[in-house]
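The chain contents come next:
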Amino acid sequence: MRILIAAALCLSPALATPVLAQVQQNNPNGANQSMERTGQLRALQQDQTTQTDMLRMDSQRNLAAEPAPNTGPNAIGPIGRTGVIGR
């Protein structure tokens, strides 16, 4: 029984060391500051991703809006009225 208690006492500091390593003893706000920085980095990454996606979408929209080149027998353009009323 004494051996088990002695072994438990010897192991308890080893188990507590990783927990103590997660908290900065000299800076009680260290965890909060770390989470704040992580949140700011994630917000910046999300903003950059959004901007990239918007640019890609605008580019695709512009490419889709371009008329196809007229390569048929009437390549110069339509002859006669344009179909626009008032011009």
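Further up the page is the structure itself.
Note that the structure is a prediction, hence the values are computed from the model and not measured. (Residues numbered from 1 in each chain as written. Predicted model: local features only at pLDDT ≥ 70, side-chain atom pairs only at ≥ 80, totals over all residues. Heavy atoms only, no water.)

**Q** Looking at this structure, I do not really get the overall build of the chain. What am I missing?
**A** If you tally the helices and strands in the chain, you get two helices and zero strands. Here the chain holds 87 residues, and 2% of them are scored as buried. Of the roughly 8600 Å² of accessible surface on the chain, a fraction of 61% belongs to carbon and sulfur atoms. (Helix = DSSP H or I, 4+ residues; strand = E, 2+ residues; numbered from the N terminus. Buried < 20%, exposed > 50% of the residue type's maximum accessible area, 1.4 Å probe, protein only. Areas by Shrake-Rupley, 256 points an atom, 1.4 Å probe, with all protein chains shown as cover.)

**Q** Would you mind showing me how to read the pattern of salt bridges here?
**A** A side chain of one charge can pair with a side chain of the opposite charge when the charged atoms of the two come close. Taken as a whole and judged by the stated rule, the model has two salt bridges. The partner of Asp53 in a salt bridge is Arg56, and the shortest N-O contact between them spans 3.3 Å. Here Asp53 and its partner Arg56 are both found in helix H2 (residues 30–65), three residues apart, which amounts to about one turn of the helix. (Salt bridge = Lys/Arg side-chain N within 4 Å of Asp/Glu carboxyl O.)

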